[in-house]
Every structure is written in structure tokens, then in C-alpha cells.
Amino acid sequence: MSETHDYDVLIVGAGFAGVHQLLNIRKLGLTVKVLETGEDLAGTWLWNRYPGAEFFVHVLCARVDSPSPFYQFSDPELWRDWTYTKKYPDWREIQAYFQYVNDKFNVKRDVIFHSRVASAHWNDSVDRWTVTTEDGRVFWAQFLSLCTGIGSKHHIPEFKGIDTFHGDVYHSARWPEMCDFKDKRAGIIGTGATAIQIIQEIAPHVAHLTVFQRTPNLALPMRQQNISAEAEEKLKKDLYPVFFRRRDQTFSGYDYDIDPKSILDTTREERVLAFEEKWEKGGFHFWVGSYADLFMNQEANDEAYAFWREKVRERIPDPELQEKLAPMQAPHPWGVRRPSLEQRYFEVYSQPNVTLVDVNKTAIEEIVPNGLKTSDGTVHELDILVFATGFDMITGGITSIDIRGQDGLSIKEKWANGVKSYLGLASATYPNMFWIYGPQSPSGLSNGPSSIEMTSEWIINCIKYMKENKFLSIVPTEEAQLAYSEHVDQLGAAALWSKAKNSWYMGSNIEGKKVQMLQFPGGLPAYAELCNDSATKSYDGFQLK
């Protein structure tokens, strides 16, 4: 018979959200445990470690798209003694950061590793969750905090013949510790954020690289930099406290914000100078530090795309490649998919050992033992096939668990016809269950730690309020949930988001998934205002028992 463990709070996932929840729930004096599928801390960065091949001397590898001051916890006890070496840290440094946090606070004493959650069922008679792992261990908890992130369920589309391939097959989210691309013929399906980083890294080393592209990636320059300890110490002394206060005031949780001025109200000269400044700064300055109406107005958006196209085409000498990578007609409105950050991505395609295949013209027909066959009859011979095909984003980490609430229905069933939530952190009929950085929160439109800490603190304060006032359960009302979900839909419909096909912002990257705006697209301050307004009104929109 399985041993049962009873806690005040159970947390699923040991990334930024799970660790933040754990450290702060401990401060409330409550009993708490984290269930983590992997063997260590770091969340998505435990898995996203491509390319990771040991033979590379100068490894670019998987790295975050947020600048280092904003990709860490805001607790001064942590940032005072930690310094990243790069402006955009890679997975090695992020894993090292989590080990540093563990050394400071002994995080791991309350984390149970190798524990994939299979089910979570609510018992209304005792106001508790029964949580079961795949290996049969059972846990009870009053509160369930889902910190599964937005990209924890990787996705491989169905391809004919996928099991017949004789070479090595990798997915970017499940990269092996050791792999050797040197002098191999490699193929990569996908050109998203992970694909860009893999392509940049392996192209100089492979015998030949074939990239199968569905949608051109409208990537931005990363502008990577080394960080000196001296410069970082000065920043910590003068600006870190300002950074962490400022991030709560901006649309995406950085130290810069969207310009409320309309592109169409600027002169061409003013516009070009503003675009140039943001382009040279790199990162997301040209995206969420630019004019607000590029998300709302197609004419304004066209101006941004035209500037981007010109900048990219300057780097591509071949006219045919220019049209494949930076077409005259935008594949979708600029910025309605999260831009990827690149370092030398567009130059890669000028290498003689790199081929770019447009699968809209020559579709992938099947995978064969010696490679991949396209609809024009060509067999692209490969030794290694990489699926950079992304994730069942936003919802996949939650719906992969058999979660059943007051009415006995699974959340996967409930969300089959569209996600509904209240405040992007809870759902009607699922009492005492919260999620962080998930459906209908700012998530993919924001810097992770900025959004995570904001939501996590709200949940912690809610739990504290309930304990102090002896409430047993809290659950959104159907009316509040419907109103909030309609608000998210209306915000999404007012902008250009839906014009992007195969967008994980809209859920359209997964066949059969309901197409809807899965993020809160109003920015962090507006989101925080909604959440805090509910809390200050004794958790308006929730039913407390």
C-alpha cells in the first residue's frame, strides 16, 4: 500500500515559479513539498540544453532571451552575491544559478525529484487534493500550485515513416548530454527560437545542414555581451533595486516600455531614428520597447516590418534566400509571434553546406530510412534528424495531468473547447488550485521572472489570508471566470494576434487545439491591477468557504 503524505501546499515543478513559491510558503510556516519530474532544479533549463555537444569549442547553445538582471529572483539576498558572465545567460549558467539558490536556502530539502504527477483529484468533503505520481506515490494537500511553465510538454508532429529512420533523432527539448554533429549530414525541422540557436551552432561543423522551414523567423539581433564583475557590482549598487521596481511598471516586465505614441503620428525621419536606436540596443527593444500601435494597426505594423526586412536583407546576398528569409510580403504581422533573438542566423544560409527548404512549396512527404523525402521527389539524405517543433504551449503542462475538480470532469475535457480561467491563475470548479505563468496570464508576452513573481506573491498572500481567516477553500465563480475570459478574448481580438498562423500565442501550432488568445495581452500593470483589485475586495470573483 502506498504511503500517503499530507501537506498544506503541494507545488508541481521546480523552476523559477516553483522555487519562488516554496521559499515564500516556508516563510508562512506551512508544510510544503515540490514534486519535480526531473533530477534537479531549473525547470525548463534542466531540459533545454541544446546543442550541448562536447566537441564544440565555442558553444552558443540554449540561452534565455531576457537580459541577465531580469532573469533572476528579485530577493537582494540572492542578487547581491550572484553575477552572470553573459548578458543573455545559457542553460549552464542558469543551472548554476539554481544551484547557488539551493546553496543559499537549501531548496532541495523540500523537493522530491523523479516525481511526475499523473493525477490530482479534489475531495470536496475534506477540502483537499489527492495527488498521485506515475509510480503510485500519493500525497494530500489543501492547496495545489501548478508551476509547470508554458513549455513543458514538447511536441512532435505526426510524420509518415518517423520510426523507419536509421540515423539519430533528437528533439530540442530532450537533448542528449553527448551528441556528435561533426562531419554529419543533419536536418532540422522548424525555424523557431530553439531552431535558430541550434542552426547557428551546428552549421560550421556539419558536413551538410538542411533546414525545413514553414514560416520565416522574424528574428531580432541579440547583441550578446560579456559581463564584467566590476560593471555588474556598480549596477547592483546603483540600479538593481530600480530595475526590480521598474519591471512591475512596464508592459513586459523589463526596464523599458512600449511607446504610447502612434507610428502614424511620427515623421519618417523620427520613425527611422527611433527604429535604429532600438535595433542597435538589440533584444526586445524593437518589439516591446517600440510603438504600441504596431500590435493594433496593420499600416503601423507594415512600417515596422519594412524596417526589419531591410535590415535583414542587407545580410543576405542571394536574392532567392532574401525572399525565403525576409519576404517582401510579411508572412504575418510583425511582432504578433514572440520574436527570437539571433547572433548570426541569417549569415548561416550563405554557407555552401547549408540548404533551406520551403515546405510550403515542397512539403515533407515522409521520413525514410536514409533521410527525409519532400513532395518534389527529393530524398534529403541525413545522418541526424532534429525536431525543433516546439511545444503544446501554455496549456500542455496542465492538461497532461488528470486534474479533476468538484464536478469530476478533467481540466483537459473542460478546456477542449477553449480555456476559461479567472485572472489567469485559477479555474472554476477546481478549488484551492492555482497556476503561475500559464493560460490567460501575461506569460509569453512578458519576462518570465517578472510575471512569475507577481503572480506567485498574489497566491502566497491569498493563502496567508485564508489561513489567518480560517477559510478552507477558494474557487472562482463561473460568472467571474466568464467575464475575465471574455475580457482576454476582447483584448486579443482588438489587435493583430489572430493574423499569425501556427502561433502558440493562439494555440494554432497544435493540430486540433482550440484557436484563442492564450495570453493576457494587456501588459503586466493592467494584469496586476485586475488581480490586486480582486484581493483588496476580499477576493471578489471567488467563493470562499
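Structure's up top.
Residues numbered from 1 in each chain as written. Predicted model: local features only at pLDDT ≥ 70, side-chain atom pairs only at ≥ 80, totals over all residues. Heavy atoms only, no water.

**A short note on the overall build of the chain**
Right, on to step 1. Looking only at helices and strands, the chain has 17 helices and 20 strands in total.
Right, on to step 2. Its C-alpha atoms give the chain a radius of gyration of 23 Å, within 12% of the compact-globule value 24 Å for 545 residues.
Right, on to step 3. By principal-axis analysis of the C-alpha atoms, the chain measures approximately 70 × 60 × 50 Å.
Right, on to step 4. Residues counted as buried form 58% of the 545 residues belonging to the chain.
Right, on to step 5. By sequence separation, contacts in the chain at least 24 residues apart represent 71% of the contacts at least 6 residues apart.
Right, on to step 6. Total accessible area computed for the chain in this model is approximately 22200 Å², and 50% of it derives from carbon and sulfur atoms. (Helix = DSSP H or I, 4+ residues; strand = E, 2+ residues; numbered from the N terminus. Rg over C-alpha atoms; globule rule 2.2 N^0.38 Å. Buried < 20%, exposed > 50% of the residue type's maximum accessible area, 1.4 Å probe, protein only. Contact = heavy atoms within 4.5 Å. Areas by Shrake-Rupley, 256 points an atom, 1.4 Å probe, with all protein chains shown as cover.)

**A closer look at the sheet that holds strand β13 (residues 364–368)**
Right, on to step 1. Reading across the sheet, the three strands line up as β13-β14-β15 and stay open at both edges, with antiparallel pairing between neighbours. The open sheet has two edge strands with one neighbour each: β13 and β15 (379–381). In this sheet, adjacent strand axes meet at a mean angle of 25 degrees when their direction is disregarded.
Right, on to step 2. In this sheet, β15 lies alongside strand β14 (residues 371–374) in antiparallel orientation, the contact comprising three bridges. Looking at the pairing, Gly-371 lines up with Glu-381 of β15. (Pairing = 2+ DSSP bridges. Axes fitted to C-alpha atoms, helices over the stretch in contact; angles between N-to-C directions.)

**Here we look at the nonpolar core**
Right, on to step 1. One finds Tyr-97, Phe-181, Leu-209, Trp-308, Ile-403, Phe-434 and Trp-458 to be the most contacted residues of the largest nonpolar core, which totals 159 residues.
Right, on to step 2. Beyond its immediate stretch of four places on either side in the chain, Tyr-97 contacts Phe-16, Gln-72, Phe-73, Leu-78, Trp-82 and Tyr-84.
Right, on to step 3. Counting 12 residues, the second largest nonpolar core, distinct from the first, contains Val-357, Ile-364, Leu-372 and Leu-385. (Core = buried A, V, L, I, M, F, W, Y, C linked by side-chain atoms within 4.5 Å.)

**Notes on the pattern of salt bridges**
Should the charged atoms of two oppositely charged side chains come close, the side chains can pair.
Right, on to step 1. Following the criterion strictly, the structure yields 31 salt bridges and no others.
Right, on to step 2. A salt bridge links Asp-402 to Arg-404, with the shortest nitrogen-to-oxygen separation between them at 2.8 Å.
Right, on to step 3. Given a relative accessible area of 27%, Arg-404 falls into the partly exposed group.
Right, on to step 4. For the salt bridge of Asp-407 with Lys-414, the shortest nitrogen-to-oxygen distance reads 2.9 Å.
Right, on to step 5. According to the relative accessible area criterion, Asp-407 is partly exposed, its value standing at 39%.
Right, on to step 6. The class of Lys-414 is partly exposed, set by a relative accessible area of 28%.
Right, on to step 7. Connected through salt bridges with shared partners, the residues Arg-26, Lys-33, Arg-109 and Asp-110 form a single ionic network. (Salt bridge = Lys/Arg side-chain N within 4 Å of Asp/Glu carboxyl O.)

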